[in-house]
Amino acid sequence: MPDHQDLGHRDLQNQPDHDHGALSRGDFPPEFTWGVATSSYQIEGATSEGGRGPSIWDTFSATPGRVVDGDNGDVAVEHYRRYQQDADLMAGLGVDAYRFSVAWPRIQPTGSGPVNQAGVDFYSRLVDALLERGITPWATLYHWDLPQPLEDLGGWPSRDTAYRFAEYAAHVADALGDRVKHFITLNEPWCSAFLGYGSGRHAPGRSDGAAALAAAHHLMLGHGLAVQALRERVPDAQVGITLNLYPVTGAHDGHGVDDAVRRIDGLSNRWFLDPVLRGAYPKDVVEDVAHISDLAFVADADLETINAPLDFLGVNYYTRHVVAPGAFPGTGLVEFTDRGLPTTAMGWEVDADGLFDILTRVTRDYGDLPLVMTENGAAFDDEVGADGTVHDPRRIDFLAGHLAAAARAVRAGVPLRGYFAWSLMDNFEWAEGYAKRFGIVHVDFDTQERTVKDSGRWYAAFLAGDRTQY
Ligand SMILES: OC[C@@H]1[C@@H](O)[C@H](O)[C@@H](O)c2[nH]c(CCc3ccccc3)c[n+]21
């Protein structure tokens, strides 16, 4: 297993694998934050309104073949104009908080220079709508919609983009910092870098390993610089970053599996956890990628900047990675396998124990930094019944099972402070377009009608204190 130095080892008691039974909000600390999450490009629409400039996802989704059915975010679920109605939906669910993202192209249409006041005004109105309803705003500064002009200048592989991001963060802090006290700098730099510049599955759709590693570095550098900008302007803010983290398990215990686990754990988790929380790249993974890049883009003080003190780490959890050595041992190729467990519409295995495993691992290996589940949820093919209801029992089971795992992690000593269900409502699911529905509220994409699904009613009852079976 990887050689983690033991930082502040905690006695995380082992718990039974499955403890079915009753669960309620009371199984969590009273100050625990319960919310729902979305992101700008996935819900706002109005991509040419209010002075917004183009983002790499506007360009990417307009490129034939990149997104299922040629879907794009031009309309999405019209949150830009329906935000009051959507704030009412959240109030109806009884959430404490709402995690949304600010679209950089609305604040600075070209990615630099003076702010676009209409863009600032939209988020100011949104924040006021939330506060009026007693909902705490949690703002993600970057959830993948990089202004296209910055991509034209090199994008995240270019160091300058990190500096532009810090300037953008300062503008958001100036505009919203009087009312927004919870900030997440980046959503999932792993996706922005490795899906955007590595595999090309996401915007901007480049396939260049060296560029992907440079992008990962400059995303993390931008994170560190943005933390400084936020701290200077909003001294009472809680600041964090959100990482998509995966427990990685060997498919069997045969030859080479341990190294396959080490490699994938390294590239999925430690490549981001170590710089952000320890101020150093993991040495074993630096060796794994040496044939791709010598990391010459790393400047001396960068890792110190990246290792900016945080108030929390956001964790997005969806499923576990199960790996085995690839067909050609010694090449470092790794196969991702499945165990035949039930899967969601995304083909991701449902594995609530993986949530317990990743939360306890982060606390065991990286210390007592408070953790917040900034995303957890599932896509299933929902349909609106004749009576207008949406029965989604599998999503209820998914949420209940994962909340039970979260409660186990809390009992085991993990400093978990909050949970945001992904997602408030069905929306643009990136390369899958509108074909995949993650919402606890259904959206008819033709009429824009919102219908609270059974899972939304279940979550509202849970938040109201009802006990639930799972
Ligand atoms: O795919 C569901 C959600 C997205 O809608 C969110 O915008 C994004 O933050 C998010 N991250 C993950 C896990 C990483 C991932 C994202 C997209 C595709 C494949 C893996 C799942 N999700």
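Overview of the structure. If you're wondering where the values come from, they're calculated on a predicted model, not measured in any experiment. (Residues numbered from 1 in each chain as written. Predicted model: local features only at pLDDT ≥ 70, side-chain atom pairs only at ≥ 80, totals over all residues. Heavy atoms only, no water.)

As a further point, take unusual backbone geometry. The omega torsion across Ala203 and Pro204 is 5 degrees, close enough to zero to call that bond cis. Following the sequence through the fold, Pro204 ends up in the loop between helix H8 (189-199) and helix H9 (209-233). Here the bond from Trp422 into Ser423 is cis, since omega is 10 degrees, no more than 30 degrees from zero. For Ser423, the position within the fold is in the loop between strand S12 (416-422) and strand S13 (441-443). If you check the backbone angles, Trp430 has positive phi at about 50 degrees while not being a glycine. Positionally, Trp430 belongs in the loop between S12 and S13. (Helix = DSSP H or I, 4+ residues; strand = E, 2+ residues; numbered from the N terminus.)

Here we take up the site of the ligand. The environment of the ligand is formed by 17 residues, the closest being Gln42, Glu188, Glu375, Glu429 and Trp430. Residue His143 places a side-chain N or O atom 2.9 Å away from an oxygen atom belonging to the ligand. In the environment of the ligand, an oxygen atom lies 2.8 Å from a nitrogen or oxygen atom belonging to the side chain of Trp430. Coverage of the ligand by the protein amounts to 91% of the 460 Å² it exposes when considered alone. (Near = heavy atom within 4 Å. Polar contact = N/O pair within 3.5 Å; in protein donor to acceptor, adjacent residues only side chain to side chain. Areas by Shrake-Rupley, 256 points an atom, 1.4 Å probe, with all protein chains shown as cover.)

Each turn of an α-helix holds 3.6 residues, which means side chains three or four residues apart point in the same direction. Between its first and last C-alpha, helix H7 (residues 159-176) extends 26 Å over 18 residues, near the 26 Å set by a 1.5 Å rise per residue. Buried within H7 we find Thr161, Ala162, Phe165, Ala166, Tyr168, Ala169, Ala170, Val172, Ala173 and Leu176. Buried residues along H7 sit against helix H4 (104-107), helix H5 (117-132), strand S4 (136-142), strand S5 (182-187) and H9. (Expected span 1.5 Å × (residues − 1). Buried < 20%, exposed > 50% of the residue type's maximum accessible area, 1.4 Å probe, protein only. Contact = heavy atoms within 4.5 Å.)

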